[in-house]
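# Geometric and topological summary
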Amino acid sequence: DQQVKQNSPSLSVQEGRISILNCDYTNSMFDYFLWYKKYPAEGPTFLISISSIKDKNEDGRFTVFLNKSAKHLSLHIVPSQPGDSAVYFCAASGTGGFKTIFGAGTRLFVKA
Amino acid sequence: DSGVTQTPKHLITATGQRVTLRCSPRSGDLSVYWYQQSLDQGLQFLIQYYNGEERAKGNILERFSAQQFPDLHSELNLSSLELGDSALYFCASSAIQGSNEKLFFGSGTQLSVL
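Residues numbered from 1 in each chain as written. Chains lettered and ligands numbered in written order. Predicted model: local features only at pLDDT ≥ 70, side-chain atom pairs only at ≥ 80, totals over all residues. Heavy atoms only, no water.

## So, the overall build of chain B
When you go through chain B residue by residue, the secondary structure sums to zero helices and eleven strands. When the helices and strands of chain B are placed in sequence order, the string is β-β-β-β-β-β-β-β-β-β-β. The globule rule puts the C-alpha radius of gyration for 114 residues at 13 Å, and the 13 Å found for chain B is close to it. Referenced to the eigenvectors of the C-alpha coordinate spread, the extents of chain B come out at roughly 35 × 30 × 25 Å. (Helix = DSSP H or I, 4+ residues; strand = E, 2+ residues; numbered from the N terminus. Rg over C-alpha atoms; globule rule 2.2 N^0.38 Å.)

Here you go:
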């Protein structure tokens, strides 16, 4: 049962353009969402998060949007840089639960 | 550097064998999580410990077990290994036991079962 889905295994974007990574979830009890970034041979690292009481959170070039009614969130990277090439994991958790559920990841390629 | 240490980085073993993966959380973190990442799969939650006690269980096989010791380091024991157990195993830690907390991951242990 995949409660967090990232339906695009990979995405290729030109340097300087916008990268949009999407994530869908099924459990309405999730109230906190996170994005992690993973380079080869390294563990995932936290990138940005959003609480369900918000619909947008911005941190520099990274913005996460949350649409609760659609159970959908997206990560926007503007402008994209070659160093952003990595695997991005969407994750969700819920109050009262003690585990974070991850999606399968989207591999982003930013071409110079 | 996340501050989470996992050893060994690589482990090659044979089917039927038993291995132990070790994790030292960030200084001060009481929660430890174990995740499994198989080829082209996401991070599958296995188990969580908080201050020595098991707090949550995910898709962990009965052949697998874990514990967290008084010094807060954790070990994941995998026994009767099968080819399908080959994967990258990550340990993560966080300061508290609740959800809505970002996790700090180690660099993983790559397990190859031949």
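## Some details on the state of the cysteines
Applying the stated rule across the entire model yields two disulfides over all chains. Here Cys23(A) connects covalently by a disulfide to Cys90(A), the sulfurs 2.0 Å from one another. Sign of the S-S torsion, about -70° for the bond between Cys23(A) and Cys90(A), identifies this disulfide as left-handed. With Cys23(A) in strand 3 (residues 19-25) and Cys90(A) in strand 9 (residues 86-93), this residue pair connects regions lying 67 residues apart in the sequence. Paired through a disulfide, Cys23(B) and Cys91(B) show a sulfur-sulfur distance of 1.8 Å. (Disulfide = S-S within 2.5 Å.)

## What to know about unusual backbone geometry
Between Val78(A) and the following residue, Pro79(A), the backbone shows a cis peptide bond with an omega angle of -15°. Considering the arrangement of structural elements, one finds Pro79(A) in the loop between strand 8 (72-77) and strand 9. Looking along the chain, the bond that leaves Thr7(B) and enters Pro8(B) is cis, with omega of -10°. Here Pro8(B) lies in the loop between strand 1 (5-7) and strand 2 (10-13). Positioned with a positive phi, Ala41(A) is a non-glycine residue whose angle comes to about 65°. If you trace the backbone, Ala41(A) turns up in the loop between strand 4 (32-38) and strand 5 (45-51).

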